[in-house]
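# Survey of secondary and tertiary structure
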Amino acid sequence: VDSREFLTFNQELLVLLKAGLPIVQSLDTILQKGAKGKLAEILNEVREDIKGGASLSDALEKHSRFFSQLYIATIRAGERTGDLPQTIRRYLTFLKRIEGFRKKVISAFIYPAILITVAFFAVTLLLVYVVPTFSKIYADAGSQLPLPTQILIAFTTMLQRYILLVVGIIITAIAFFRRWGMTDQGRFLIDGWKLRIPYVGNLLNNYAVAGFSRTFATILGSGIPIVEALKMSVGTLNNKVLERKLLEAIISVEEGTMLSTALERVKIMPPLALRMLGVGETTGALEEMLGEISDYFEEEIDRKLHILTTAIEPAVMIVMGVIIGGIII
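### Some details on the overall build of the chain
Scanning the chain for helices and strands turns up 14 helices and zero strands. In the chain, the succession of α and β elements from N to C terminus is α-α-α-α-α-α-α-α-α-α-α-α-α-α. Projected onto the principal axes, the alpha-carbon positions of the chain cover approximately 90 × 50 × 35 Å. The buried share of the chain, taken over its 329 residues, is 39%.

Here's what the structure looks like:
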């Protein structure tokens, strides 16, 4: 389901429910506006299920391939509390915050990605086309070339001759690596390597925990019990190593341990965030404190991303200068 269509549907549903229309009439109104595509097909089926006596959450759950478990649980919680518009509003706020933050992270890497791509193709063109052209001139002159020049010419000649084979090997290796990375063992090892990368690993950990905190706060605000809310939030970490640590923490919480203590044992959050979480548990303001923790992580990520993206440009320029300077010399 297209994310923009899904967001628009929820906004329209919220307005209609606040106006006092029942679910079926709200869906009828949305569909009569001429909605098309996969979402419209699903909503037609959902409407028929509701007419047959199913709740909105049960009707949506039949299409769990298209609706996240978080969304279905949010709707179910709203049905339990009798305040469905409020839970939908909270979910929309969550969705906009997460989407806005994700776009900010992606946009931060667009310029460095373009810079690295252009640098790669520039060096490849130099090695595959420019250097072999000059090497023919040197060969025709019949002069004795220095050893570094002979090594460079031999390397570029080999690269030019076997470039298709090299590209084929690289594509095959990437395909094999991606396939291995989809297995449980491969994904676990790769996620572990990601977290151990200097500077970037800490950035990825903070990004995962920021998303988890925001999701966990949203689920708690919908009236879901803490253990169930934790289990529903596990997948938002998107890292098998962190997910395993969180599952260990959930077991401790089920045994009666405080959430902040359980998370401290598995070392997912930094000390400051854990202290904030402990205050939230003590004062009964856990949902609000989780929101503060997410804001703290997002600001930290924003600061580190700025440092990283600022450092990438001169780093690429230095590497390019060294490579091209070495070729020229």
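### Focus: the packing of aromatic side chains
Evaluation of the coordinates by the stated rule reveals ten aromatic pairs. Taking 6.5 Å as the distance between ring centres and 85° as the angle between the ring planes, the aromatic pair formed by Phe6 and Tyr91 counts as edge-to-face. One end of the pair, Phe6, is in helix α1 (residues 3–18); the other, Tyr91, is in helix α6 (residues 84–141), with 85 residues separating them in the sequence. Accessibility expressed as a relative area gives 10% for Phe6, which makes it buried. According to the relative accessible area criterion, Tyr91 is buried, its value standing at 5%. Grouping aromatic residues by their ring pairs yields a cluster made of Phe6, Phe67, Tyr71 and Tyr91. One Lys or Arg, Arg244, reaches over the ring of Phe188 and ends 4.0 Å from the middle of that ring.

### Some thoughts on the packing of helix α9 (residues 200–221) against helix α14 (residues 286–328)
Where α9 contacts α14, the two axes come as close as 8 Å, and the packing angle between them is 155°. Considering their axes alone, α9 and α14 lie roughly antiparallel with respect to each other. Classified by chirality, the crossing of α14 by α9 is left-handed. A per-class count over the contact of α9 with α14 returns 14 nonpolar, six polar and six charged.

### Some remarks on the side chain of Ser233
Looking at where Ser233 falls in the secondary structure, it is placed in helix α10 (residues 226–233). By relative accessible area, which is 0% here, Ser233 ends up buried.

### Some details on the nonpolar core
Counting residues in hydrophobic clusters, the biggest one holds 82 residues, and the most contacted among them are Leu246 and Met269. The dominant element in this core, judged by the number of residues it contributes, is α6, at 14 residues. For Met269, the contacting residues outside a window of four places in its chain are Val209, Phe212, Ser213, Leu263, Leu274 and Ile293.

### Some details on α10
Because each turn of an α-helix spans 3.6 residues, side chains separated by three or four positions end up pointing in the same direction. Regarding α10, the residues found buried are Ala229, Leu230 and Ser233. Around the axis of α10, the buried residues are gathered within 100° of arc, so they sit on the same side. Packed against the buried residues of α10 are α9, α11 (240–254) and α12 (259–266).

### Re the side chain of Thr215
Considering the arrangement of structural elements, one finds Thr215 in helix α9. The contact partners of Thr215, leaving out residues within four places of it in the chain, are Leu70, Phe94, Ser233 and Thr236.

### So, a nonpolar patch on the surface
A contiguous nonpolar surface patch, about 750 Å² in accessible area, is contributed by Phe155, Met158, Tyr162, Leu165, Val166, Ile169, Ile170 and Ile174. Along the chain, Val166 turns up in helix α7 (residues 147–181). Its relative accessible area of 34% is what places Val166 among the partly exposed residues.

### Observations concerning the packing of α9 against α10
At a minimum axis distance of 9 Å, the contact between α9 and α10 shows a crossing angle of 140°. Looking at the two axes, α9 sits oblique to α10. Here α9 runs over α10; the crossing is right-handed. Within the contact between the two elements, α9 uses Phe212, Thr215, Phe216, Ile219 and Leu220 and α10 uses Ile226, Ala229, Leu230, Met232 and Ser233. Partitioned by chemical class, the residues of the contact of α9 with α10 number eight nonpolar, two polar and no charged.

### Remarks on the environment of Leu127
Note that Leu127 resides in helix α6. With 29 residues separating them along the chain, Leu127 and Thr156 place their C-alpha atoms 5.6 Å apart. Beyond its immediate chain neighbours, meaning those up to four positions away, Leu127 contacts Pro132, Leu152, Phe155, Thr156, Leu159 and Ile327.

### Section: the confidence of the model for the chain
For the chain, the average pLDDT comes to 84, and 98% of its residues sit at 70 or higher. Per-element confidence in the chain ranges from a low mean pLDDT of 78 for helix α5 (residues 69–81) to a high of 91 for α11.

### Some points on the environment of Thr29
The residue Thr29 is located in helix α2 (residues 23–32) in this model. On a C-alpha basis, the gap between Thr29 and Leu16 in space is 8.5 Å, while along the polypeptide they are 13 residues apart. In contact with Thr29, not counting residues within four places along its chain, are Leu16 and Leu21. Within the structure, Thr29 has its side chain in polar contact with the backbone oxygen of Gln25 (distance 2.8 Å).

About the thresholds
- Each chain has its residues counted from 1, following the order in which its sequence is written.
- Under the rules for a predicted model, residues below a pLDDT of 70 receive no local features and side-chain atom pairs below 80 are neither given nor counted, while totals for whole chains, interfaces and linings still include all residues.
- Only hydrogens and water are set aside when side-chain values are computed; all heavy atoms of the structure are taken into account.
- Here a helix means four or more residues in a row that DSSP labels H or I, a strand means two or more in a row labelled E, and each is numbered from the N terminus.
- Whether a residue is buried, partly exposed or exposed follows from its accessible area with a 1.4 Å probe, protein chains only, as a fraction of its type maximum: under 20%, in between, or over 50%, in that order.
- Only Phe, Tyr and Trp rings take part, Trp by its six-membered ring, and two of them pair if their centres are within 6.5 Å. Stacked means planes under 30 degrees apart, edge-to-face means over 60, and tilted covers everything else.
- Either the NZ atom of lysine or the CZ atom of arginine qualifies as a charge over a ring when it sits within 6 Å of the ring centre and within 35 degrees of the ring normal.
- Throughout, an axis means a line fitted to C-alpha atoms (over the contacting stretch in the case of helices), and angles, computed between N-to-C directions, take values from 0 to 180 degrees.
- Note that the term roughly parallel is reserved for angles under 35 degrees, roughly antiparallel for angles over 145, roughly perpendicular for angles of 65 to 115, and oblique for everything else.
- Crossing handedness follows the turn of the near helix against the far one: under a right angle anticlockwise gives a left-handed crossing, and clockwise gives a right-handed one.
- Just so you know the grouping, Ala, Val, Leu, Ile, Met, Phe, Trp, Tyr, Cys and Pro go in nonpolar, Asp, Glu, Lys and Arg go in charged, and all remaining residues, Gly too, go in polar.
- Definition used in this section: a nonpolar core is a set of buried Ala, Val, Leu, Ile, Met, Phe, Trp, Tyr and Cys residues joined via side-chain atoms within 4.5 Å.
- The contact definition used throughout considers only heavy atoms, calling two residues in contact when any of these lie within 4.5 Å.
- Each direction from the helix axis to a C-beta atom contributes to the arc, which is the arc of those directions.
- Exposure above 30% relative accessible area and the lack of any salt bridge qualify a residue for a patch; like charges then connect within 9 Å, and the nonpolar side chains Val, Leu, Ile, Met, Phe, Trp and Tyr within 5 Å.
- The protein chains shown are the only cover counted for residues, whose accessible areas, like all others here, come from Shrake-Rupley with a 1.4 Å probe.
- The rule for a salt bridge is simple: a side-chain nitrogen of Lys or Arg has to be within 4 Å of a carboxyl oxygen of Asp or Glu.
- Note: pLDDT gives the predictor's confidence per residue, expressed from 0 to 100.
- By the criterion applied in these results, polar contacts are pairs of N or O atoms within 3.5 Å in which, for protein atoms, one can donate a hydrogen and the other can accept it, and in which residues neighboring in sequence qualify only through two side-chain atoms.

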